[in-house]
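Chain by chain, the residues:
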Amino acid sequence: MMKKPIILLFLFLVGFATAEAQKMPISYDFGEKFNDRYRYSNLLTIDEDGAGGYILVRAYFQGLILKPKGYLIERYNKDLELVSEYNYKLKGLNFVDGFIKNGQLHLLFLDYNYNRGQYEYWVHTSPTISFNFKPQKLLSIVSEEVSNPVGKNYYNRNFSRGFTTTVLFNQEKTGFIISTHLKKGKNNKHVIHLYDTGLNKKFEHDFSDEIEEKNYAFENVAFTNDLQTAYIVGKAYFKKKRFRVDERKFQYELIKISQSGNQTQSFVDPGKYPEALYPVILDDRLVCVGFYADRKDNRYNGISYFDVNPSSLEVNSKKYNPFSQQFMEDKFGREEDKVVKNLVFKGVEITRDNEIFFNAEEYFVTTGMEVTGAGQRVRIERFHHNDIVSVKLKADGEMAWARNINKAEVTQGDGAYASYSSYCKDGKTYFFICTAAQNPQLINNERLIFKQGLSRNRNVFLISLDENGVMDYEKIIDNQEARLPFMVSKPFKNLPENNMLFYAKRGSKKQLVKVDFK
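So, how was this worked out
For every chain, the first residue of the written sequence is number 1, and numbering continues from 1 along that sequence. Totals for whole chains, interfaces and linings use every residue, but because this is a predicted model, local features are given only for residues with pLDDT of at least 70 and side-chain atom pairs only at 80 or more, for both listing and counting. Excluding hydrogens and water, the side-chain values take into account all heavy atoms of the structure. When a carboxyl oxygen of Asp or Glu is within 4 Å of a side-chain nitrogen of Lys or Arg, the pair counts as a salt bridge. Numbering goes from the N terminus for both helices and strands, where a helix is a DSSP run of H or I of at least four residues and a strand is a run of E of at least two. Here's how the labels work: a residue is buried when its accessible area is under 20% of the maximum for its type, exposed when over 50%, partly exposed in between, all with a 1.4 Å probe on protein chains only. Pairing of aromatic side chains here covers Phe, Tyr and the six-membered ring of Trp, requires ring centres within 6.5 Å, and sorts the geometry by plane angle: under 30 degrees stacked, over 60 edge-to-face, intermediate tilted. For a ring to carry a charge above it, either NZ of a lysine or CZ of an arginine must fall within 6 Å of the ring centroid while also lying within 35 degrees of the normal to the ring plane. By this definition, two strands are paired if DSSP reports at least two bridges between them. For every element, the axis is a line fit to its C-alpha atoms; helices are fit only across the contacting stretch, and the angle between N-to-C directions ranges from 0 to 180 degrees. Here, two residues are considered to be in contact whenever any of their heavy atoms come within 4.5 Å of each other. Between N or O atoms, a polar contact is any pair within 3.5 Å; within protein, one atom must be a potential hydrogen donor and the other a potential acceptor, and residues adjacent in sequence are included only when both atoms are from side chains.

Q: Can you walk me through the pattern of salt bridges in this structure?
A: Where charged atoms from two side chains of opposite charge approach closely, those side chains can pair. A full pass over the atoms with the stated rule returns 27 salt bridges. The closest approach of N and O atoms between Glu355 and Lys392, which form a salt bridge, is 3.7 Å. Taken together, the residues Glu355 in the loop between β25 (343–350) and β26 (356–371) and Lys392 in strand β27 (residues 377–393) connect sequence positions 37 residues apart. Judged by its relative accessible area of 22%, Glu355 is partly exposed. Accessibility expressed as a relative area gives 9% for Lys392, which makes it buried. Close ionic contact of Asp426 with Lys425 constitutes a salt bridge, the shortest N to O distance being 2.9 Å. Look at the salt bridges and you will find they share partners, linking Asp36, Arg58, Glu74, Glu85, Lys505 and Lys510 into a network.

The structure is reproduced here in structure tokens:
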């Protein structure tokens, strides 16, 4: 007689769990787990192969002291099944980026040619149908070899090494610029090269006249549809100017570059210091969005917005939106005298009504000493991926809302497992995070705090912000189901089909996971 109530209770719990599972508008599919012979690797790029499947490129490392040995290229079909692998045994080159265009896989490298004494940018290209790579040299720059010529330091830039270079793609990956700055004695040359992703050089521009008084550290770029004009945002560091204690040594500038020349617009207002600006082209408009500080340091006070004339670069309008009390309570609770800093842009989305959604992450690097098993002291770097900041701006630049999601992650290894990825749909923003925490702390039903946790297994949480900035969350995949941790910060976004593809790997096992938005 006791069985029926138990069955009813069981059915009730199952129904409750099913209802809970439908809280977020997603479904997901796990691909088969496959064996992998390369335990140590980094995911470089993931894209469609043009035939309904997917291509993944990984750099793998081997040896007693791990060294890069080559690139493993994996092909999966639409059912997430591993179809083939290709081992491109290439070493000694510095990988910069990879992308697929018109059925061709392109791997971009920087190499130092000791015989010629020059840096060389090469692209290795292969059809995705049958891999057969052919190298093509894009450009070369005569220079002495320097340490770490390519890179992006978000808070400072070293121009004293003799040669620095930057590669920037626009968000749509229709093109890219290569910036080369060579300084040796009285020779001080800065050239900007613009290519489309078919590897056609659109033009190059000698930027040397602009660096007599300032050095430029470029951060973000946007292109016109015809790829004839580039809008580059970066920090301009003053070289000889004397500074007061309350002044900064750099300012943010917008540089317009085309075949006919260049124009520059600086963003300088008394008592306002723009930070981390991002250029966005909206039909016939150009806006720059980011953060700002009230002081010269990198403590942010709110959101900045500049509406710029795309032809003359004159500022039509500007707004400084201070962080709301809701945002500060999200981040710090009731604590006073806390500061927002170290924010790095992660993505920008534009709605049909020209509303702007953008999100950033609190990112910084710390260093310390660690004792090895042999008793040696070695210097290590730790990469911190902390809070998520999400902002919605109205079409006129007024801030609709800003929210903060508390999380704390630190890694010494592959950053693909840390950080987060985001997706915008129907006016809502979704954030995927992968964490060993079983559940976040929820304070006052609004303030979410995710801690890193200690377990090897990871849960996948989905956090949502609706049109009004109201926050919700759900554990969408339990660590008992997701036995392999997701590379959550390096997904493939398939916007036409409303889905995302994640790569999951640990040791000698790997699989793909597809998440569909309903």
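We are not done yet, so read on.
Q: What's the story with the packing of aromatic side chains in this structure? I'm lost.
A: Aromatic ring pairs are described here by two measures, namely the spacing of the ring centres and the angle between the planes. Scanning the model with the defined rule gives 42 aromatic pairs in all. On the basis of an interplanar angle of 75° and a centroid distance of 5.9 Å, the ring pair of Phe95 and Phe109 is categorised as edge-to-face. Residue Phe95 is found in strand β7 (residues 94–101), and its partner Phe109 is found in strand β8 (residues 104–113); the two are separated by 14 residues along the sequence. Ring geometry for Phe450 versus Phe461: centroids 5.2 Å apart, planes at 65°, classification edge-to-face. One end of the pair, Phe450, is in strand β33 (residues 447–450); the other, Phe461, is in strand β34 (residues 459–465), and 11 residues separate them in sequence. Just as Phe450 is buried, Phe461 falls in that class too. Here the aromatic cluster, defined as three or more aromatic residues joined through ring pairs, consists of Tyr423, Tyr430, Phe432, Phe486, Phe502 and Phe517. The side chain of Lys23 reaches across the aromatic face of Tyr473, ending 5.7 Å from its centre. Above the plane of the ring of Tyr420 lies Lys346, whose end atom (NZ or CZ) is 5.3 Å from the centre.

Q: What should I look at first to understand the sheet that holds strand β11 (residues 163–169) in this one?
A: Adjacent strands of a sheet form backbone hydrogen bonds with each other and so pair up, either parallel or antiparallel. Strand order in the open sheet formed by four strands is β11-β12-β13-β14, and the pairing between neighbours is antiparallel. Two strands close off the open sheet at either side, each with one partner strand: β11 and β14 (201–206). Here the strands of the sheet are splayed against their neighbours by 15° on average, with no regard to which way each runs. Pairing analysis gives 10 bridges linking strand β12 (residues 175–184) to strand β13 (residues 187–196), with the strands arranged antiparallel. Counterpart to Leu182 in the pairing with β13 is Lys189.

Q: So what exactly am I meant to see when it comes to the sheet that holds strand β18 (residues 261–266) here?
A: Taken in spatial order, the four strands line up as β15-β16-β17-β18 in an open sheet, and their pairing is antiparallel. Looking at strand neighbours, the two that pair on one side only are β15 (214–223) and β18, the edges of this open sheet. Along the sheet, successive strands turn relative to each other by an average axial angle of 30°, direction set aside. With nine bridges connecting them, strand β16 (residues 229–238) and strand β17 (residues 250–258) associate as antiparallel partners. The residue bridging Ile232 from the neighbouring strand is Ile255, located in β17.

Q: Sorry if this is basic, but what is going on with the environment of Val339 here?
A: Looking at where Val339 falls in the secondary structure, it is placed in the loop between α2 (325–332) and β24 (340–341). On a C-alpha basis, the gap between Val339 and Arg299 in space is 5.9 Å, while along the polypeptide they are 40 residues apart. When near neighbours in sequence (up to four residues on either side) are disregarded, Val339 contacts Arg295, Arg299, Lys331 and Phe332.

Q: Teacher, can you tell me more about the side chain of Ser390 here?
A: Examined against the element boundaries, Ser390 turns out to sit in strand β27. Here Ser390 is in contact with Phe358, Asn359, Trp401, Ala402, Arg403, Thr429, Phe431 and Leu465, once residues within four sequence places are set aside.

Q: How should I be thinking about the pairing of β12 in this particular structure?
A: Looking along a regular strand, one sees side chains alternate from face to face of the sheet. Summarising burial for β12: eight of the 10 residues are buried, a large majority. Here β11 runs beside β12; their pairing, made up of seven bridges, is antiparallel. Counted as the bridge partner of Phe163 is Leu182 from β12. Taken together, β11 and the strand that follows it, β12, pair antiparallel across an intervening segment of five residues, in which Lys173 is found at a positive phi of about 55°. What sits between β12 and β13 in their antiparallel hairpin is a turn of two residues, with Gly185 showing a positive phi close to 60°.

Q: Even after reading the chapter, I still don't get unusual backbone geometry, so can you show me in this structure?
A: For residues besides glycine, phi is generally negative; the peptide bonds are generally trans as well. At Leu199, a position not held by glycine, the phi torsion is positive, near 70°. If you trace the backbone, Leu199 turns up in the loop between β13 and β14. Unusually for a residue other than glycine, Asn498 sits at a positive phi of about 55°. With respect to the secondary-structure elements, Asn498 resides in the loop between β36 (492–494) and β37 (499–506).

Q: When you look at the environment of Glu362 in this model, what are you seeing that I'm missing?
A: Residue position: Glu362 is located in strand β26. Residue class for Glu362 comes out buried when judged on its relative accessible area of 12%. Separated by 44 residues in the primary sequence, Glu362 and Asn406 place their C-alpha atoms 9.8 Å from one another. Setting aside residues up to four positions removed in sequence, Glu362 forms contacts with Lys331, Lys341, Asn342, Leu343, His384, His385, Asn386 and Asp387. Only 3.0 Å separates the side chain of Glu362 from the side chain of Lys331, close enough to count as a polar contact.

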